[in-house]
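Listed here are the chains, written in short residue letters.
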Amino acid sequence: MAEIECSDLGMTEEILAGYPAGEPALIQILQDVHHAYNYLPCDVLERVAEALDVPLAKVFSVSTFYKAFSLEPQGDTIVKVCTGTACHIRGAGQLVEELERQLGIGPGETTEDRSFTIKTVNCVGACAMAPVVIVGDKYWGSAKPTRVKKYLAKGADDEN
Amino acid sequence: MPTLKVNGRRVTVDGDATILDAARAAGVAVPTLCNFDGLEPWGGCRLCVVDMSQANWDDDWFKVVTACNHPVEDGMTVVTDSERIIETRRVILDLLLARCPDAPLVQELAREYGVEETSYTPNPEPDDCILCGLCTRVCDHIGVSAISSANRGWGREIAPPFHQPPPDCIGCLACAEICPTDCITYETSNTRREIWGKEFEMLRDPKTGEAVITKEQADHFAERSGVPITYFETSDASKRRQMASTFQKLQVVK
Amino acid sequence: MRIESRDRLETLRAQARESNASRAQQVLVCCGTGCLAWGSKKVAEAFASEIAKRSIDATVNLFVKTTGCHGFCERGPLVELQPSGILYTKVKPNRVEEIVEKTLIGGEVIKNLLYKEPVSGERIAQYDEIPFYKNQVRVAMRNIGRIDPTNILDAIAEGAYSGLAKALHEMTPDEVLDEVEISGQRGRGGAGFATARKWRSCKSAPGDRRFVLCNGDEGDPGAFKDRSIMEGDPHSVIEGMIIGAYALGAHEGWIYVRDEYPLAVVNLGIAIAEARKYGLLGENIMGSGFDFDIKISRGGGAFVCGESSALMRSLEGKTGEPRAKYVHSTEKGLFDLPTVLNNVETWAGIGAIIDRGGEWFASMGTERSKGTKAFSLVGKVKNTGLIELPMGTTLRHIIYDIGGGILNDRPFKAVQTGGPSGGCVPEELLDLPVDYEELTEAGSMMGSGGMIVMDDRTCMVDVARFFLAFLEEESCGKCTPCREGLHQMVQIYDRLIAGDGVEGDIELIERLAAAMKLGSLCELGKSAPNPVLSTLRYFRAEYEAHIVDKACPAGICRELTAYEIIEDECDGCHACFKACPVDAITGVVKELHVIHHDACISCGACFDVCPTNAIRTFPKVELKKAEVV
């Protein structure tokens, strides 16, 4: 926590209102928080701990245990490379390398201008079209390193 | 009251006893790292593994279980020193030696099992934390939960929230005291205490002026017990003197 | 709207069937995650707009339905036409106009959109004549690809909830238990524990409150059958859970869906809402007096949460650390109350078992492994996709007759089953019938049904390392043997792969494997050594080559492999030049190309694209020897 966070807690209150108080709802709440803020800000987590009556240390433990959560702000576009078995043997490693070359960051890192974050994911269940790259919400099956530039450029509607 | 055999010695124990309890009753030593009497067993270090066979199993059918938390049953057979158990403990200690090569406790235990140097890749940035979880468990037990384990897998570590001074910590030092490798550092003096990066003011005994407890700890204990806070501010020595003078005034009726 | 009786369900079913039958034609566009990635949504939209353009009355004449996964993912986007049964493959939006014009209106088949048999070159029009589909027996996946998963009436038309109706109105809870026992169904998540036995042990646990849970955490990389069921036929899961809850006397249920499956969460949510609307969830289900409801819980991205006690901790809002195994979750599970946790595919089969009878299910499969099993067939095989077959089918039949054989006709090397807890099965065991015990005896595991086919361009040392690295990241870190053991295993394997292996490394690996198997707290750690042990069992020579010869026989490990272009085979097509990510190849079109070893990173991209097999691999040590000379 380099700076003191000052998040818009209004969104947090809305999220909290949708769940019963208590520890069981914690992970679902964190997912909604992550979706709303694009990461888990510490001041939001403090508020969640207070609202659920769960020790802050436990909230921190859960936030760092699950791979879905980041405590650092993520890029506007998240690029996920599936590194499951089928994707591995069909060349996922080469895709990761090409992304590293193009964006200058490695898996788990975010570009300086916060435009992209690269993540490796352990199997998205599209194994028959390995290897798979997901740019934002768009899935690219049978992905090729030579097409990475295209996937990043628009990340939107085109066919592979 | 179940009766069982540990390394051939027959022993009878309470119904809610664990295999570890039974081993102790039978005078058999089983090594442990994450176990602490008074805290719920955790079963994480795996050092206390033993071979166990239930009464209704085939005589030569054994299962490896942790002694610290496995319940006993009547007619159970336990073997704490079979070849595969010794070998498993040896590997566990060898692995811990790779993680914490400088911790005297780990070096000692490893040596007992014939491991002088680790067979594996030593931790490039070693510390003495063996991740036994005793610190966080005792903190939970006291009802504070100021620290916890962060991350998972090999990157797992014990930390205060966000690696900042933990807001809930009461400075009781229980975590540092319980740590088997003494890897939790703190500073304490007559005026201040510091642990996990958090500063505490010490409450001093009203009569003697010696530091007794942190204000946060006193508040916490007073709240949990309902006992007035002044009790916690008084040092043990002062309490003993008070008791002594009370007894002095008592008249013995013959 | 509420279905208050069995009769009402039957009436609705008849109405829905009538409605389907009344349409002259239907177009089923596959919208499973796989085909969606191929762009099938646009295909569905193109059909819709084409029909609107021609002012065809969609509800009567030509109805477009988006369905779940048809299974033949390699050939997506898939479009099936009813009632003709024609299957069009690799359909792009720009072919839709032609399909409507020529086939739907004109009755003509478009040959180049049909599936083509790889060996004979024959084009097959009928869906159920294609070997990939012909050989399947679909029970858990019975409705996937036929129904719109977001429309409960469509599911009801195909038989959803008739098993439930029978259970609630014709059977006692104990009779339901008996029927499941007769079926011999074993858990489809991997462990293969007898479903009825698990249910009975929960039923006999004291207490008023108990839970039924669905494990939708499908973490095995390479497996996606649960995703397809949750996305493509969520009602099969819901129906199974209601039946199970009725048998057990549970009134609350959860479906735990992994974070990486957003569409499954959406479709399950829609299905649950619809089921409630129709009185199939909530109070007084189908007028039977039985209450039960389901909630969805999303995972947070942790493979270990597929382990039952870790999953329950996650449902409780905690970190996914498994609990000691002597505590049975059927007695003390979620919130320390009796709980039954079953896999998605297990639940999906229950409705069919009750509807058609346990004996029907038990009539399929082998002595100890009854019924059918879903498999995701992926990797270096021609027809990748999702299939369901009777237990006892041989691996050879699956890989060659259904899978169409190895991609690019390269030699088969091994098939990996059971995910990171499983092992590799080599060629000599291809006639193994798929069965829980047979696979375990061979050193592998059924697991959740992932089958990853590997060819000669797969290094088995690298495969073992892959699984170890995967598990290292997923280990919760609570217990020493798993947390430290996996980390150290990866360190050892990294040395082998870099050419720094030494004599004694195999023994070091074996000792560590033994300790992990015995000492770990949960199955993640205990079964982590399986890929190691199975690759050592069948491919020990490869390990020795890495250690002694500093060579990778498969030509995969980069630090041990160099590439070169064979002069006589190169036709100068320039493909390798374009594929090389580090510009290590020089050459002019139509002339011999050259790989420069000092720049080459041995990634194999050139090898993969060369159309004339003009590139070969050789051990990098030979380069060094050449230099010395």
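Residues numbered from 1 in each chain as written. Chains lettered and ligands numbered in written order. Predicted model: local features only at pLDDT ≥ 70, side-chain atom pairs only at ≥ 80, totals over all residues.

## Description of the overall build of chain B
Then, number 1: When its secondary structure is counted, chain B shows eight helices and 11 strands.
Then, number 2: Against the 2.2 N^0.38 benchmark of 18 Å for 254 residues, chain B shows a C-alpha radius of gyration of 23 Å, more extended than a compact globule.
Then, number 3: C-alpha extents for chain B along the principal axes are approximately 65 × 65 × 30 Å.
Then, number 4: Burial analysis of chain B (254 residues in total) assigns 37% to the buried set.
Then, number 5: Put simply, of all contacts in chain B between residues at least 6 apart along the chain, 51% involve residues at least 24 apart. (Helix = DSSP H or I, 4+ residues; strand = E, 2+ residues; numbered from the N terminus. Rg over C-alpha atoms; globule rule 2.2 N^0.38 Å. Buried ≥ 20, exposed ≤ 12 C-beta atoms within 10 Å, placed from the backbone. Contact = placed C-beta atoms within 7 Å.)

## Side note on the overall build of chain A
Then, number 1: When you go through chain A residue by residue, the secondary structure sums to seven helices and four strands.
Then, number 2: Listing each helix as α and each strand as β along chain A from the N terminus yields α-α-α-α-β-α-α-β-β-β-α.
Then, number 3: Looking at chain A as a whole, 51% of its 160 residues qualify as buried.
Then, number 4: Counted over contacts in chain A with a minimum sequence separation of 6, partners at least 24 positions apart contribute 58%.

## Quick notes on the nonpolar core
Then, number 1: Of all hydrophobic cores here, the largest spans 296 residues; its most connected members are Val-132 and Val-133 of chain A, Val-50 of chain B together with Val-29 and Val-237 of chain C.
Then, number 2: Aside from chain neighbours lying at most four places away, what touches Val-133 of chain A is Val-79, Val-81, Leu-95, Trp-140, Ala-143 and Tyr-151 of chain A. (Core = buried A, V, L, I, M, F, W, Y, C linked by C-beta atoms within 7 Å.)

## As for the domain arrangement of chain A
Then, number 1: Looking at chain A, the domain boundaries give domain 1 (9-65) and domain 2 (77-153).
Then, number 2: Each of domain 1 of chain A and domain 2 of chain A was reduced to a C-alpha centroid, and the two centroids are 29 Å apart. (Domains from an automatic or database assignment.)

## Quick look at the pairing of strand β7 (residues 211-216) of chain C
Residue and element names in this part refer to chain C.
Then, number 1: Within β7, six of the six residues are buried, which leaves the element mostly enclosed by the surrounding structure.
Then, number 2: Burial along β7 is two-sided: the residues Phe-211, Leu-213 and Asn-215 and Val-212, Cys-214 and Gly-216 are all buried.
Then, number 3: Relative to strand β8 (residues 252-257), β7 runs parallel, the two being bridged by six bridges. Note on β8: the bridge partner recorded for Phe-211 is Glu-252. (Pairing = 2+ DSSP bridges.)

## Regarding the interface of chain C and chain A
Then, number 1: Every contact between the two is made by 47 residues of chain C and, on the other side, 40 residues of chain A.
Then, number 2: Ranked by residue count, the leading element in the side of chain C that touches chain A is helix α2 (residues 33-38) of chain C, at five residues.
Then, number 3: Partitioning the side of chain C that touches chain A into residue classes produces 19 nonpolar, 17 polar and 11 charged. (Nonpolar A, V, L, I, M, F, W, Y, C, P; charged D, E, K, R; others polar.)

## Considering the confidence of the model for chain B
Then, number 1: Of all residues in chain B, 100% have pLDDT values of 70 or greater, and the mean over the chain is 95.
Then, number 2: As scored by the predictor, the complex reaches a pTM of 0.93 and an ipTM of 0.94. (pLDDT = per-residue confidence, 0-100.)

## Some points on the sheet that holds strand β3 (residues 79-82) of chain C
Strand pairing in a sheet relies on backbone hydrogen bonds, with the paired strands running either antiparallel or parallel.
All names here are of chain C.
Then, number 1: On the basis of which strands lie adjacent, the open sheet formed by four strands has the order β2-β1-β3-β4 and mixed pairing. The open sheet has two edge strands with one neighbour each: β2 (62-67) and β4 (86-88). Here the average twist between neighbouring strands, direction ignored, is 20°.
Then, number 2: Taken together, the six bridges between strand β1 (residues 25-30) and β2 define a ladder with parallel strand orientation. Across the sheet, the residue bridging to Val-27 is Val-64, located in β2. (Axes fitted to C-alpha atoms, helices over the stretch in contact; angles between N-to-C directions.)

## Structural notes on the packing of helix α2 (residues 26-37) of chain A against helix α4 (residues 56-65) of chain A
Residues and elements named next belong to chain A.
Then, number 1: Direction vectors running N to C along α2 and α4 enclose 65°, while the axes themselves pass 11 Å from each other. The interaxial crossing formed by α2 with α4 has right-handed handedness. The residues of α4 that touch α2, namely those facing Leu-26, Ile-27 and Leu-30, are Val-59, Val-62 and Ser-63.
Then, number 2: The residue makeup of the contact of α2 with α4, split by class, is five nonpolar, one polar and no charged. (Left-handed = near helix turned anticlockwise from the far one by under 90°.)

## Comments concerning the confidence of the model for chain A
Then, number 1: In the predicted model, chain A carries a mean pLDDT of 89, and 92% of its residues have values of at least 70.
Then, number 2: The spread of mean pLDDT over the elements of chain A runs between helix α5 (residues 85-89) of chain A, the lowest at 85, and α4 of chain A, the highest at 98.

## Here we look at the environment of Leu-47 of chain B
All names here are of chain B.
Then, number 1: One can find Leu-47 in the loop between α1 (19-25) and β3 (49-53).
Then, number 2: With 25 C-beta atoms packed within 10 Å, Leu-47 lands in the buried category.
Then, number 3: Every residue in contact with Leu-47, bar those within four places of it in the chain, is listed here: Pro-31, Thr-32, Leu-33, Arg-89 and Ile-92.

## A look at the packing of helix α9 (residues 195-203) of chain C against helix α11 (residues 234-248) of chain C
The axes of two packed helices give the description: the angle between them and the distance between them.
All names here are of chain C.
Then, number 1: Here α9 crosses α11 at 45°, and the two axes come no closer than 9 Å. When the interaxial angle is binned, α9 and α11 end up oblique. For the pair formed by α9 and α11, the contact residues are Trp-199, Cys-202 and Lys-203 on the first element and Gly-244, Ala-247 and Leu-248 on the second.
Then, number 2: Of the residues that constitute the contact of α9 with α11, the class distribution is four nonpolar, one polar and one charged. (Parallel < 35°, antiparallel > 145°, perpendicular 65-115°, else oblique.)

## So, the sheet that holds β7 of chain C
Residues and elements named next belong to chain C.
Then, number 1: Across the sheet, which stays open at both edges, the four strands sit in the order β9-β8-β7-β10 with parallel pairing between neighbours. Sheet topology places β9 (293-298) and β10 (339-343) at the edges, where each strand pairs with a single neighbour. Direction aside, neighbouring strands of the sheet carry axes that sit 20° apart on average.
Then, number 2: Here α11 sits on the sheet in contact with β7, β8, β9 and β10, set at roughly 150° to β7.

## A closer look at the environment of Pro-24 of chain A
Then, number 1: Structurally, Pro-24 of chain A can be placed in the loop between α1 (9-17) and α2.
Then, number 2: In this structure the C-alpha to C-alpha distance between Pro-24 of chain A and Val-59 of chain A, which are 35 residues apart in sequence, comes to 12 Å.
Then, number 3: In this view, Pro-24 of chain A contacts Leu-315, Glu-316 and Gly-317 of chain C; residues no more than four positions away in its chain are not counted.

## Section: the interface of chain B and chain C
Then, number 1: Contacts between the two partners involve 25 residues from chain B and, on the opposite side, 24 residues from chain C.
Then, number 2: Here the side of chain B that touches chain C gets nine residues from one element, more than from any other, and that element is helix α2 (residues 83-99) of chain B.
Then, number 3: Residues belonging to the side of chain B that touches chain C are distributed by class as follows: 11 nonpolar, eight polar and six charged.

## Considerations on α1 of chain A
Residue and element names in this part refer to chain A.
Then, number 1: Regarding α1, the residues found buried are Thr-12, Ile-15 and Leu-16. All buried residues of α1 fall inside an arc of 95° around its axis, so they share one side. In α1, those exposed residues whose orientation departs by more than 90 degrees from the buried face are Gly-10, Glu-13, Glu-14 and Ala-17.
Then, number 2: Contacts made by the buried residues of α1 are with α2 and α3 (42-52). (Arc of directions from axis to C-beta.)

## What about the domain arrangement of chain B?
Residue and element names in this part refer to chain B.
Then, number 1: Split by domain assignment, chain B resolves into domain 1 (3-81) and domain 2 (134-246).
Then, number 2: The C-alpha centroid of domain 2 is placed 34 Å from the C-alpha centroid of domain 1.
Then, number 3: Between domain 1 and domain 2, the residue contacts involve five residues of the former and six residues of the latter.

## Here's the deal with the pairing of β9 of chain C
Residues and elements named next belong to chain C.
Then, number 1: Two strands pair when backbone bridges link them, and β8 and β9 are joined in this way by six bridges, in the parallel orientation. Pairing of Tyr-256 across the sheet is with Ser-297, part of β9.
Then, number 2: Between the parallel pair β8 and β9, the chain is carried across by helix α12 (residues 262-277), and the sense of this crossover is right-handed. (Right-handed = clockwise from strand over helix to strand, strands pointing away.)

## Looking at α9 of chain C
Residues and elements named next belong to chain C.
Then, number 1: Buried within α9 are the following residues: Thr-195, Ala-196, Lys-198, Trp-199 and Cys-202. Considered in projection along α9, the buried side chains sweep an arc of 160° and stay on one side of the axis.
Then, number 2: Tucked inside the fold, the buried residues of α9 contact α8 (173-183), α11, β10 and α14 (344-356).

## Description of unusual backbone geometry
Then, number 1: Going from Gly-76 of chain C to Pro-77 of chain C, the amide bond is cis rather than trans, its omega being 0°.
Then, number 2: Within the secondary structure layout, Pro-77 of chain C lies in the loop between β2 and β3.
Then, number 3: For the bond from Gln-82 of chain C to Pro-83 of chain C, the omega torsion is 5°, close enough to zero to count as cis.
Then, number 4: When you line up the elements, Pro-83 of chain C lands in the loop between β3 and β4.
Then, number 5: Even without a glycine there, the phi angle at Ser-142 of chain A is positive, about 45°.
Then, number 6: Here Ser-142 of chain A lies in the loop between β4 (138-140) and α7 (148-153).
Then, number 7: Ser-142 of chain A sits in the partly exposed class, given 18 other C-beta atoms within 10 Å.

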